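The residues making up each chain are set out below.
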2 protein chains.
Amino acid sequence: MSAESGADRPTPTLEMVAALAGVSRATVSRVVNGAPSVDPHLASSVEKAVQTLNYVPNRAARTLASRRTYTVTLLVPESTSKVFADPFFATVVEGVARYLNTTDYMLNMVTSSEANPEKTRRYLLGGNVDGVLVVSHHSGDHSWTQLNASLPTVFAGRPLVNAANSYFVEVDNEEGASAATSRLIEGGRRHIATIAGPQDMPPGVDRLQGWRSALLDAGLSDSLAETGDFTVVSGAVAMRRLLDRGQPLDAVFAANDQMAAGAYSVIKERGLRIPEDIAVVGFDDDLYATSLSPALTTIHHPIAALGEKMAELLVELIEGRAAERIHRLPTSLVVRDSA
Amino acid sequence: MSAESGADRPTPTLEMVAALAGVSRATVSRVVNGAPSVDPHLASSVEKAVQTLNYVPNRAARTLASRRTYTVTLLVPESTSKVFADPFFATVVEGVARYLNTTDYMLNMVTSSEANPEKTRRYLLGGNVDGVLVVSHHSGDHSWTQLNASLPTVFAGRPLVNAANSYFVEVDNEEGASAATSRLIEGGRRHIATIAGPQDMPPGVDRLQGWRSALLDAGLSDSLAETGDFTVVSGAVAMRRLLDRGQPLDAVFAANDQMAAGAYSVIKERGLRIPEDIAVVGFDDDLYATSLSPALTTIHHPIAALGEKMAELLVELIEGRAAERIHRLPTSLVVRDSA
DNA sequence: TTGTAAGCGTTATCAC
DNA sequence: GTGATAACGCTTACAA
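Just so you know, these numbers come straight off a predicted model, no measurement behind them.

J.: Tell me about the protein's contact with DNA strand D, residues and numbers included.
T.: For DNA strand D, the set of nearby residues contains 27 residues, the closest of which are Leu14 and Tyr55 of chain A together with Thr27, Asp39 and Arg67 of chain B. For DNA strand D, the backbone makes up 62% of the atoms found within 4 Å of the protein, where backbone means sugar plus phosphate. Threonine 27 of chain B has a polar side-chain atom sitting 2.5 Å from a phosphate oxygen of DNA strand D. Taken together, the residues of the surface near DNA strand D sort by class into 12 nonpolar, eight polar and seven charged.

Next up, the structure:
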């Protein structure tokens, strides 16, 4: 029932279009690729021919001739299984796909096969792709930081090493953490703790710094800090330690929602109320945020936007346009019931 | 620090290999493609040349000449955002990638852009890919069932329409449901209800059928059935209706774990105990299964294996090998605490 | 501005 | 079994 019923006619080629339009193949090529100067008259007749023939350029031929592949690879880190089920990853990919859909580029995924990363490396460096997108959750720790020397590469999040030479887009973690903390201060809290993320990854460091600077700006103490590893249980452990210090504490900024969830359980288990006794603000605005009770006030992490921006940056790089090495996406405070 | 330091030398071509090995390009091509008959002596010398030059065939050229792309597309259904965050989808992809990594095929994703599905169609039918993989969660409802007429296509799950002409791999839903029910019967239960899935999608139908046949084989009644839509709340609603019938009921088979979760809440709310008063078995073995309390006994749904099998089937189709239209993957009972 | 023609790196069809 | 040689469909100097 589709449009191609009874269609065994051969795929139209550039040559056929040229013939139909009565021009040379070169001209058709120019029109198709939006070349700067072609007689508008001829151009339109070519376009008509393209329409009626339903012509679509052959990628392989184009690639072979131009040495451009119009393909960008999404490099999926080693531990495929986990990474893929990670909503962060999924959302980034969604953003990437969304942007790429507005361009001529195709997305292809290569999971850097545990088997042989060398195969992946060869594929990438073997002229099969125009650029690479590297996604690796919170951790900036990936072994592909040297890629950008040979191929346009964009990272999700500031790479731990070689950041100075890398193109990447990250969320403005420091600003977000600062906004979260300010919310607490404005709410009248004066003894504001934090459950920080790992200090060996950028988001962990930056969010701690944001909390600290907001506090210092307000003339408050930054002594109430414990570190977790972004998991729910680590959040609970940290909260417990915080409470066991026996110091006044009326609010806590958790560096991500999962740790906030852990903090929730401990706070409740001690018979304290949220937000009356202790106000809580998280970071990420992930699934946990709304499923917690009371609903968590948190910092929205624009993940899909991050993916879109990464793709946009990469295309700019590929096409040789000037581009900023660093893109920092703004976060926003989502006020719910915990602070 | 990588292997390509100081490497500005051009990518080796088939021609260079031929020169180095002292044979014709045709021979090199034969060796590289594992052609049936080439003098083993020459072959090895070619292989040596390939090694030393670190030759890798150029995909575009190969595609142009052979009219094979060595690329398979994973078609992501309309609602990208949701689908992608769905662990089912993620896991299928993982399996697909795993299999493809053992072959020469590349995976490329195209999200059938809401914008213009026509673009997608043209891409697929325009000779850019060798085959397509269509994934659409439980529902067999996708508008791409006609694709297989023009391109090797494999579906995840039995398509609702045109199933007779489609290649697909599905989990053996009926057998699984039957096993779940048998578990209940063997546990001494005699009044076994079911919370069935939607009857307009294959898994819903098949799982209901499995429950029914197990019951009938045991000489038990199949009157205790209510239908949900695979969501947690629909499970709760169905359970409530079941209980409100006022008939004896000592066990329930939920067609998926989410509905089982819904049933749990109602059972507890009525002051009944699991499994003492009512035993429960689910289906899918997803995240809910272990997070419920008591842990849910359920049917394991081999999702990654499904992805692997899909990819394998597709490659067989592409390479013209004989292949079964239908592949049914076995499920397994995972015994935990609810039955 | 437009056309001519030379590739791009393989595979495939032939003779040898 | 092996080697010329013609495609494959498009881009891109270079000429006109």
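J.: Help me get a handle on the pattern of salt bridges, residues and values and all.
T.: A full pass over the atoms with the stated rule returns 33 salt bridges over all chains. Put simply, Arg158, Glu170, Asp206 and Arg328 of chain A are held in one network by salt bridges that share partners.

J.: Give me helix H13 (residues 303–318) of chain A: which residues, what numbers.
T.: Side chains of residues three or four places apart in an α-helix project in the same direction, reflecting 3.6 residues per turn. Residue and element names in this part refer to chain A. Its 16 residues place the ends of H13 23 Å apart at the C-alpha level, agreeing with the 22 Å of an ideal helix rising 1.5 Å per residue. Most of H13 sits out of view: 12 of its 16 residues are buried. Where H13 is concerned, the buried positions are Ile303, Ala304, Leu306, Gly307, Met310, Ala311, Leu313, Leu314, Val315, Glu316, Leu317 and Ile318. Directly after H13, the chain includes glycine 320, whose backbone phi takes a positive value near 70°.

J.: Provide a residue-level description of the sheet that holds strand E7 (residues 225–227) of chain A, including the pertinent values.
T.: Adjacent strands of a sheet pair through backbone hydrogen bonds, lying either parallel or antiparallel. All names here are of chain A. If you trace the four strands from one edge of the open sheet to the other, you get E7-E6-E8-E9, paired in parallel fashion. Of all strands in the sheet, those with a lone pairing partner are E7 and strand E9 (279–281), marking the two edges. Strand after strand, the sheet turns through a mean of 15° between neighbouring axes, direction not considered. Both strand E8 (residues 251–254) and E9 contribute to a ladder of three bridges, which runs parallel. Of the residues in E9, the one forming a bridge with alanine 251 is alanine 279. Running at roughly 165° to E8, helix H8 (residues 173–186) makes contact with strand E6 (192–196), E8 and E9 of the sheet.

J.: Outline the UniProt feature "domain: HTH lacI-type" (unreviewed entry) in chain A, supporting the account with residue identities and numerical values.
T.: The sites that carry the UniProt feature "domain: HTH lacI-type" (unreviewed entry) are, in the present numbering, residues 12–66 of chain A. Secondary structure content for residues 12–66 of chain A is 69% helix and 0% strand, and the end C-alpha separation is 20 Å.

Reading the values: the criteria
- Residues numbered from 1 in each chain as written.
- Chains lettered and ligands numbered in written order.
- Predicted model: local features only at pLDDT ≥ 70, side-chain atom pairs only at ≥ 80, totals over all residues.
- Heavy atoms only, no water.
- Near = heavy atom within 4 Å.
- Polar contact = N/O pair within 3.5 Å; in protein donor to acceptor, adjacent residues only side chain to side chain.
- Nonpolar A, V, L, I, M, F, W, Y, C, P; charged D, E, K, R; others polar.
- Salt bridge = Lys/Arg side-chain N within 4 Å of Asp/Glu carboxyl O.
- Helix = DSSP H or I, 4+ residues; strand = E, 2+ residues; numbered from the N terminus.
- Expected span 1.5 Å × (residues − 1).
- Buried < 20%, exposed > 50% of the residue type's maximum accessible area, 1.4 Å probe, protein only.
- Pairing = 2+ DSSP bridges.
- Axes fitted to C-alpha atoms, helices over the stretch in contact; angles between N-to-C directions.
- Contact = heavy atoms within 4.5 Å.
- UniProt positions renumbered as here; feature names shortened; annotations may be inferred.

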